[in-house]
Amino acid sequence: MEGLVTQIQGLSGTASDVLSLQNLLKQADDSLHAESTRLPPFLDQLDPSKHSLGYLYFLEACTAGPVTQEQASSFVLTIARFISSCVAEQIRLAPDKFISVCKRFKDQVLLLEEPLRGVAPMLTAIRKLQLSSEHLTALHPEFLLLCLLSKCYKTALSILDEDIFEVDQPRDLFLYCYYGGMISIGQKQFRKALELLHNVVTAPMSTVNAIAVEAFKKYILVSLIHHGQFPTNLPKYASSGAQRNLKTLCQPYVELASSYSNGKIADLETYVEANKDKFESDNNLGLVKQAVSSMYKRNIQRLTQTYLTLSLQDIANRVQLNSPKEAEMHVLQMIKDGEIYATINQKDGMVRFLEDPEQYKTCEMIERIGSSIQRLMTVSKKLNVMDELMSCDPLYLAKAGRERQRFDFDDFDNVPPRYNI
Amino acid sequence: MASSSSSGLTFKLHPLVIVNISDHYTRVKSQMNPPPLTSTSTTVNGVEPLQQAPRVYGCVIGVQRGRTVEIFNSFELLYDPSTHSLDRPFLEKKQELYKKVFPHFYILGWYSTGSDAQESDMHIHKALMDINESPLYVLLNPTINPAQKDLPVTIYESELHVIDGIPQLIFVRSSYTIETVEAERISVDHVAHLKPSDGGSAATQLAAHLTGIHSAIKMLNSRIRVLHHYLVGMQKGDVPCENSLLRQVSSLLRRLPAIESEKFQDDFLMEYNDTLLITYLAMFTNCSSTMNELVDKFNTAYDRHSRRGGRTAFI
């Protein structure tokens, strides 16, 4: 044990030394696990910022066994200190150990019921583990879970804003998008929530999983709130398993969506009352209530397409609100949110609906469009790379080869036999 | 047959002549009977199919002032294969008509197409010698050679050389320059831009237009960079200060911006935004189509329950 410690201290200098150290540590891993109870004092001899790899191995062996409440708080401190001071290159040599250490960190933090303590260290851990900001690690969903439980949504939003292009494990993606969707709903950013939940629902899955089912329920509700309608069919890039099974598994929500599209608030409310306990058991009752209140907004928006001016009393009648005052509040809120363009004339209680005043003449618009074009160009390049990769995929070639026509049109000869791999 | 001429005359050729000759040749070639499809189809009237490269003939007219010969225009002539000479009455009638319109122009010579001057051409050449003592022979080579850089047009003069003790007239090559008037320059420009090599759809025309603008802007950029470099050097003191150049640069700079008004700014930004939006839309369409293909491929490869079997064969 002491020999190992001195080796770690000696070999943590240059990159090649670290690689040889890694081999040594891999061989010594089992003996470390066997003596896990004796290890904590050795941790003090190692410096996490210089000997990160060795420290990681020791730490992982220490935390492997069951942990009591008192040990938990001390471990939480040690791990937090380690995460903040470790060196990223050495950590990336043993990513799975790092991930398991961080997961145990999360478990202990939850055991202590102080999720807030885990948020900042987890964020640093993600930044150190990621190869680039487009890389989704297994720590992302853990971090989002901690943010959700500790209700600090804003820190999560900085992570959610980054575009993801590489994923390690599909389960990470599902959990990440699901939690991300919930956080965005909490921040009332429904567009982002819709995007994230859409990703869960349409991600490739060979069998339907529970995360997708829960996400689908929220997806229906958020799309009702944000768009005012729910597309009955999933797009064709959703897996066929999802297309067939998700709707049957979320029957009450689909019916809610169809009664929403009828436009009558009274019907919607009766339906919600009838199925209240189902919604409540899914923890979705709050969202359902928001969906019901968004019905008023939908109806007012529909009015803008028919009328140029309307009195507040008329609006209240058509949208089934109780009084012109309520109608005025709703319209005011919508103007502030930028959902409609209108002016309210308080003298005679008339609302005049206007066109979108954007003239597309300003320099800001040029910058916006310019930056969108740049983003689109990077996406397009990535798509081309993926397309080429896919064309060379042997699974695809096998299936595509099988589907060739038997006869060539031009000369009625047999096409050479199908492409066998 | 071709060595360089020693007559000392300078020749100036107008593009109109070249365009006329090539037009004549193209018309005749495309009006010819098409070559037979297969060997089994009957020949028309028992006549063998014509040669692939017909020769066309005509006259060139222009002005000679002192030592400079300027060829302005040309017209077509009929070639009589039986007498191996050009149709004389027709030539004279045409000459009279042209004299009425262009009193200053004289017949300077004749033209034909082919790859090289031939012996039989000397007959025609001599026949024209009674109109002009030393006629010119303009030869256009209609075969398209993409590697060739200059025009496939040669001007021959005739000279009396002693070969094997016999004085003979032979063709000698002369050099020439191209001369244009403004109208000709505009029309040649027009034709050159409007007809790209593979037959101009709207997309290639737009691309050609934008490429032209791009190269113009690139050249402007490089010139400005040269000026900038020079001015920086002058500021540092490496280059001696020259006030006249500085005055010129400053007057150049003061010419822009040419318009500075509210309305111009509005219209300019609106048009700029429109172009950006169209580019954005085009990129979107491009991206969506790539994504569509990718999704199709993915579904074929990985989706277990996609349609099985292939399309049925049908005859």
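Quick caveat: nothing in here was measured; it's all calculated off a predicted structure. (Residues numbered from 1 in each chain as written. Chains lettered and ligands numbered in written order. Predicted model: local features only at pLDDT ≥ 70, side-chain atom pairs only at ≥ 80, totals over all residues. Heavy atoms only, no water.)

Counting 122 residues, the largest nonpolar core has Phe58, Phe98, Leu139, Phe216 and Ile315 of chain A as its most contacted members. With residues near it in sequence (within four places) discarded, isoleucine 315 of chain A still touches Ile300, Leu303, Leu310, Ala327, Val331, Val351 and Phe353 of chain A. The next biggest cluster of nonpolar side chains, apart from the first, holds 20 residues, and it includes Leu86, Phe105, Met122 and Phe171 of chain B. (Core = buried A, V, L, I, M, F, W, Y, C linked by side-chain atoms within 4.5 Å. Buried < 20%, exposed > 50% of the residue type's maximum accessible area, 1.4 Å probe, protein only. Contact = heavy atoms within 4.5 Å.)

Turning our attention to the interface of chain A and chain B. Listed per partner, the contact involves 38 residues of chain A and 34 residues of chain B. Between chain A and chain B we count 1 salt bridge in total. Note that aspartate 387 of chain A and lysine 297 of chain B form a salt bridge whose closest N and O atoms lie 3.2 Å from each other. The interface formed by chain A and chain B includes 2 residue pairs in polar contact (both at pLDDT 80 or more). (Salt bridge = Lys/Arg side-chain N within 4 Å of Asp/Glu carboxyl O. Polar contact = N/O pair within 3.5 Å; in protein donor to acceptor, adjacent residues only side chain to side chain.)

Below, the discussion takes up the pattern of salt bridges. Residue and element names in this part refer to chain A. This structure, assessed with the given rule, holds 18 salt bridges over all chains. Ionic pairing is found between glutamate 328 and lysine 325, a salt bridge with its closest N-O pair at 3.5 Å. Taken as a pair, glutamate 328 and lysine 325 lie in helix α20 (residues 324-337) at a separation of 3 residues, close to a single helical turn. Take glutamate 328: its relative accessible area is 12%, and that puts it in the buried class. Judged by its relative accessible area of 55%, lysine 325 falls in the exposed class. A single salt-bridge network, built from bridges that share partners, covers Lys106, Asp107 and Glu142. (Helix = DSSP H or I, 4+ residues; strand = E, 2+ residues; numbered from the N terminus.)

Here the focus is the layout of surface pockets. One simple way to see leftover space: roll a probe sized like a water molecule over the atoms. Within this model, the largest pocket holds a volume of roughly 2,500 Å³. Contributing to the lining of the largest pocket are 48 residues, with Ile164, Phe165, Asn199 and Val379 of chain A together with Met291 of chain B lying nearest its centre. Secondary structure elements with two or more residues in the lining of the largest pocket: β2 (166-167), α11 (170-186), α12 (190-202) and α21 (363-391) of chain A together with α7 (262-302) of chain B. For the lining of the largest pocket, the class distribution of residues is 28 nonpolar, 8 polar and 12 charged. Of the volumes computed, that of the second largest pocket is approximately 1,100 Å³. (1 Å grid on protein atoms, 1.4 Å probe; cavity = no way out; pocket = protein on both sides within 12 Å on 5 of 7 lines; lining within 4 Å. Points joined across faces, edges and corners; volume = space filled by probe spheres on them. Nonpolar A, V, L, I, M, F, W, Y, C, P; charged D, E, K, R; others polar.)

All names here are of chain A. Viewed as axis vectors pointing N to C, helix α15 (residues 251-262) and helix α16 (residues 265-274) meet at an angle of 165°, and their least axial separation amounts to 9 Å. Accordingly, the angle class assigned to the pair α15 and α16 is roughly antiparallel. Where α15 crosses over α16, the handedness of that crossing is right-handed. Between α15 and α16, the residues in contact are Pro252, Glu255, Leu256, Ser259 and Tyr260 and Leu268, Tyr271 and Val272, respectively. (Axes fitted to C-alpha atoms, helices over the stretch in contact; angles between N-to-C directions. Parallel < 35°, antiparallel > 145°, perpendicular 65-115°, else oblique. Left-handed = near helix turned anticlockwise from the far one by under 90°.)

On the surface, a cluster of nonpolar side chains totalling about 370 Å² of accessible area is made up of Leu206, Leu210, Ile213 and Ile217 of chain B. Along the polypeptide, isoleucine 217 of chain B turns up in helix α5 (residues 202-236). (Patch = residues over 30% accessible without salt bridge, like charges linked within 9 Å, V, L, I, M, F, W, Y side chains within 5 Å. Areas by Shrake-Rupley, 256 points an atom, 1.4 Å probe, with all protein chains shown as cover.)

Turning our attention to the packing of aromatic side chains. The tally for this structure, following the rule as stated, stands at 18 aromatic pairs over all chains. Here phenylalanine 216 of chain A and phenylalanine 230 of chain A contribute two aromatic rings whose centre-to-centre distance is 6.1 Å and whose plane-to-plane angle is 70°, an arrangement assigned as edge-to-face. Taken together, the residues phenylalanine 216 of chain A in helix α13 (residues 210-227) and phenylalanine 230 of chain A in the loop between α13 and α14 (240-249) connect sequence positions 14 residues apart. Cluster of aromatic residues (ring-pair linked, three or more members): Tyr57, Tyr79, Trp110, Tyr137, Tyr156 and Phe171 of chain B. The positively charged end of lysine 99 of chain B is found above the aromatic ring belonging to tyrosine 106 of chain B, 3.9 Å away from the centroid. (Phe/Tyr/Trp six-rings, centres within 6.5 Å; stacked < 30°, edge-to-face > 60°. Lys NZ or Arg CZ within 6 Å of the ring centre and 35° of its normal.)

The strands that make up a sheet pair up through hydrogen bonds in the backbone, lying either parallel or antiparallel. Residue and element names in this part refer to chain A. Read from one edge to the other, the open sheet built from 3 strands follows the order β3-β5-β4, with strand pairing classed as antiparallel. Both outer strands of the open sheet, β3 (309-311) and β4 (342-345), are each paired with one neighbouring strand and no more. Looking at each pair of strands side by side, their axes are set apart by 20° on average, direction ignored. Inspection of the sheet shows β4 paired to strand β5 (residues 350-353) by 4 bridges, in the antiparallel sense. Opposite alanine 342, over in β5, you have phenylalanine 353 as the bridge partner. (Pairing = 2+ DSSP bridges.)

All names here are of chain B. The mixed open sheet is built from 8 strands, whose spatial order is β9-β8-β7-β6-β2-β3-β1-β10. Since the sheet does not close on itself, it has two edges, and those belong to β9 (166-174) and β10 (176-178), each with one partner. This sheet shows a mean twist of 35° between the axes of neighbouring strands, independent of strand direction. The sheet contact formed by strand β2 (residues 57-65) and strand β6 (residues 106-113) spans 6 bridges and is antiparallel. Paired with glycine 58 across the two strands is tyrosine 111, which belongs to β6. Across the sheet, helix α2 (residues 88-101) is in contact with β2, β3 (68-77) and β6; its angle to β3 comes to roughly 125°. The strands touched by helix α3 (residues 121-128) are β2, β6, β7 (136-140), β8 (153-163) and β9; relative to β9, the strand with the most contacts, the crossing angle is about 95°.

Further remarks concern unusual backbone geometry. Positive phi values are uncommon outside glycine, yet glutamate 113 of chain A reaches one of about 60°. Structurally, the position occupied by glutamate 113 of chain A is in the loop between α7 (95-111) and α8 (115-129).

All right, on to the pairing of β9 of chain B then. Residue and element names in this part refer to chain B. Relative to β9, β8 runs antiparallel, the two sharing 9 bridges. Considered in β9, the bridge of glutamate 157 is made with valine 172. Between β8 and β9, which pair antiparallel in sequence order, lie 2 residues; one of them, aspartate 164, sits at a positive phi of approximately 55°.

Attention now goes to the side chain of glutamine 108 of chain A. Residue and element names in this part refer to chain A. Relative to the helices and strands, glutamine 108 is located in helix α7. You can call glutamine 108 buried: its relative accessible area is 5%. Glutamine 108 has contacts with Thr63, Val67, Ala72, Phe75, Val76 and Ile79, leaving out every residue within four places of it along the chain.

In low-pLDDT regions, the fine details of the predicted coordinates are not to be read closely. Residues and elements named next belong to chain B. Of all residues in chain B, 84% attain a pLDDT of 70 or more, and the chain-wide mean is 80. Below a pLDDT of 50 lies the segment residues 37-50, which in the model reaches 4 contacts outside its immediate sequence neighbourhood of four places, other chains included. Counted against residues more than four places away or in other chains, residues 306-315, with its pLDDT under 50, gives 11 contacts. Taken over the whole predicted complex, pTM reads 0.62, whereas the ipTM for its chain interfaces reads 0.73. (pLDDT = per-residue confidence, 0-100.)

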